[in-house]
Amino acid sequence: MARRPVAWVGAIVLLAEAVGIVLLNWFLGLVVNKQDMSLAGLDPHAMSVSTWIAGAVFGLYLVLCAVVMARSAVRDRAPGRFGRILLISAAVVHGLLGAFSVGLVGWPAFVFMMVVLGLIVLTLVAYDKKPAEVSDEPSTAPQPA
């Protein structure tokens, strides 16, 4: 089955996305810092630092999601409860970002977000929580009348 490769590809894509998000926020922070303009009375330095912090936090979130997916691929088992919650939240975030990116960035960004969403969801549903054991032996449990 293709669940291991899907989880590996998803982990790699999430790592690449984390690097891209961190670099994008670093660049945006530099732009805000160089313009030396205020937005509603906010200090430009505070805005640039908060942009860098937000990029780092979101990048770490995506790296953590990638680690959960890579761990699922290595162990060939479903992620635990915390991992499932983390991946479900990442799927929701990518769905929302995809919806917003269509109007703001364009269709290629939407397609990328939907591909990542698909990889996350496929990783979540491809692994059964407890696989059903197939037995050739007849059941010895009493049958209801």
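Just above sits the structure.
The residue count restarts for each chain, going from 1 along the sequence in the order it is written. Where totals are concerned, whole chains, interfaces and linings use all residues; where local detail is concerned, this predicted model gives features only for residues with pLDDT of at least 70, and gives and counts side-chain atom pairs only at 80 or more. Hydrogens are left out, water is left out, and the side-chain values use all remaining heavy atoms of the structure.

(A) Inspection of the overall build of the chain at higher detail. Starting at the N terminus, helices and strands are each numbered in turn, a helix being any DSSP run of H or I of at least four residues and a strand any DSSP run of E of at least two. Of regular secondary structure, the chain possesses 4 helices and 0 strands. What you see in the chain, going N to C, is helices and strands ordered as α-α-α-α. Exposure is judged per residue with a 1.4 Å probe applied to protein chains only, and the accessible area is read against the type maximum: over 50% gives exposed, under 20% gives buried, and values in between give partly exposed. Within the chain, the proportion of its 145 residues that are buried is 32%. Residues count as neighbours in contact if any of their non-hydrogen atoms are within 4.5 Å of one another. In the chain, the share of contacts with a sequence separation of at least 24, taken over all contacts with a separation of at least 6, comes to 66%. Total accessible area computed for the chain in this model is approximately 9,700 Å², and 72% of it derives from carbon and sulfur atoms. Accessible surface area values rest on a Shrake-Rupley calculation with a 1.4 Å probe, where residue burial reflects the displayed protein chains alone.

(B) Spatial organisation of unusual backbone geometry. In this structure, D76 takes a positive phi of about 55 degrees despite not being glycine. Inspection of the secondary structure puts D76 in the loop between α2 (44-75) and α3 (81-104).

(C) Looking closely at the packing of aromatic side chains. When two rings of Phe, Tyr or Trp (its six-membered ring) have centres within 6.5 Å they constitute a pair, described as stacked for plane angles under 30 degrees, edge-to-face for angles over 60, and tilted for the intermediate range. Within this structure, the stated rule accounts for 2 aromatic pairs. A centroid spacing of 5.9 Å and a plane angle of 25 degrees characterise the contact between F58 and Y61, whose relative ring orientation is stacked. With F58 and Y61 both in helix α2, this residue pair falls 3 residues apart, about one helical turn. On the basis of an interplanar angle of 85 degrees and a centroid distance of 5.4 Å, the ring pair of W107 and F110 is categorised as edge-to-face. Placement of the pair is W107 and F110 together in helix α4 (residues 107-126), with a separation of 3 residues, close to one helical turn.

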